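So you can see what is in the structure, the chains are spelled out below.
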Amino acid sequence: MEPRPALDAAPGRAIPNAATDQDRRYLERALALAEAAARMGEVPVGALVVLQGTVIGEGWNRPISTVDPTAHAEMVALRAAAARLGNYRVTGATLYVTLEPCAMCSGAILHARIARVVYATPDPRTGAAGSVFDVLNTTRLNHRVAITAGVQAAVAATQLQQFFKARR
């Protein structure tokens, strides 16, 4: 069994200043991807996978436009990263996402052997990185993921709130 990585924060909770400037820059890119989703009428969530300082996959929510319930931003980014590497395992990579991953995405994150997830805002309804479930750090599975939460949280939360307000 792989050793459990140290967490930057307890699942679902951020420690002030735990994020780096690099984390903030990557989250800014994820926020831009989320805006692309919103322009397409999709829930504004963006994600990117970074390995050794290089973005190897990115995506935004596309379940409506692709008629695919699995086309969450994280899944799209993971697929792109795996295709680029020619391997479904993306060992050592960091996934940046504007909204806490759901259970489906968390399962894919574990299978891909992502080392770290940095997310902006928690999802109090379906979050699986500590808010509702803690899929990424359960001791029942053989891989765990370091989590940094709350990076660019206010911006991501506002983006989501504005999207849903406009739809109502």
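Shown above is the structure to which this text applies.
Figured I'd write up the structure that's included with this text.

## Focus: the layout of surface pockets
- Approximately 560 Å³ is the volume attributed to the largest pocket.
- Taken together, 22 residues line the largest pocket, and the ones lying closest to its centre are V43, L99, D123, L160 and F164.
- The residue makeup of the lining of the largest pocket, split by class, is 11 nonpolar, five polar and six charged.

## What about helix α1 (residues 21-39)?
- Over its 19 residues, α1 runs 27 Å from end to end, which matches the ideal 27 Å to within 8%, given 1.5 Å per residue.
- Looking at α1, one finds that the buried residues are D23, Y26, L27, A30, L31, L33, A34, A36 and A37.
- Phi turns positive, to about 85°, at G41, one or two residues after α1.

## Observations regarding the pairing of strand β4 (residues 116-121)
- Counting buried positions along β4 yields six of six residues, so the element is predominantly enclosed.
- Pairing of strand β3 (residues 94-99) with β4 involves five bridges; the strand directions are parallel. Paired with L99 across the two strands is T121, which belongs to β4.
- Where β4 meets strand β5 (residues 146-149), four bridges bridge the pair, whose relative direction is parallel. Across the sheet, the residue bridging to V117 is I147, located in β5.

## What to know about the pattern of salt bridges
- One pass over the structure, following the stated rule, counts three salt bridges.
- Linking R116 and D23 is a salt bridge whose minimum nitrogen-to-oxygen distance equals 2.7 Å. With R116 in strand β4 and D23 in helix α1, this residue pair connects regions lying 93 residues apart in the sequence.
- Taking relative accessible area as the criterion, D23 reaches 1% and is therefore assigned buried.

## Concerning the sheet that holds β3
- Spatial ordering of the open sheet is given by β2-β1-β3-β4-β5, a layout of five strands whose pairing is mixed. Sheet topology places β2 (54-60) and β5 at the edges, where each strand pairs with a single neighbour. For this sheet the average axis-to-axis angle between neighbouring strands, irrespective of direction, equals 15°.
- Where helix α3 (residues 73-85) meets the sheet, it contacts β1 (46-51), β2 and β3, and its direction lies at approximately 145° from that of β2.

## Some thoughts on the packing of aromatic side chains
- Evaluated as defined, the whole model comprises two aromatic pairs.
- Pairing Y26 with Y96 gives two aromatic rings, centres 4.9 Å apart and planes at 45°, and the pair type is tilted. In this pair, Y26 is assigned in helix α1 and Y96 in strand β3, connecting sequence segments 70 residues apart.
- Take Y26: its relative accessible area is 14%, and that puts it in the buried class.
- Under the relative-accessibility criterion, Y96 is labelled buried at 3%.
- With 5.2 Å between their ring centres and 80° between their planes, F163 and F164 make a pair best called edge-to-face.
- Of note, R62 hangs over the ring of W60, and the distance from its end group to the ring centre comes to 4.0 Å.

## Considering the pairing of β2
- Inspection of the sheet shows β1 paired to β2 by six bridges, in the antiparallel sense. Bridge pairing in β2 places V50 opposite V55.
- Counting the residues in the hairpin turn of β1 and β2 gives two residues, including Q52, whose phi is positive at 50°.

Conventions adopted
Residues numbered from 1 in each chain as written. Predicted model: local features only at pLDDT ≥ 70, side-chain atom pairs only at ≥ 80, totals over all residues. Heavy atoms only, no water. 1 Å grid on protein atoms, 1.4 Å probe; cavity = no way out; pocket = protein on both sides within 12 Å on 5 of 7 lines; lining within 4 Å. Points joined across faces, edges and corners; volume = space filled by probe spheres on them. Nonpolar A, V, L, I, M, F, W, Y, C, P; charged D, E, K, R; others polar. Helix = DSSP H or I, 4+ residues; strand = E, 2+ residues; numbered from the N terminus. Expected span 1.5 Å × (residues − 1). Buried < 20%, exposed > 50% of the residue type's maximum accessible area, 1.4 Å probe, protein only. Pairing = 2+ DSSP bridges. Salt bridge = Lys/Arg side-chain N within 4 Å of Asp/Glu carboxyl O. Axes fitted to C-alpha atoms, helices over the stretch in contact; angles between N-to-C directions. Contact = heavy atoms within 4.5 Å. Phe/Tyr/Trp six-rings, centres within 6.5 Å; stacked < 30°, edge-to-face > 60°. Lys NZ or Arg CZ within 6 Å of the ring centre and 35° of its normal.

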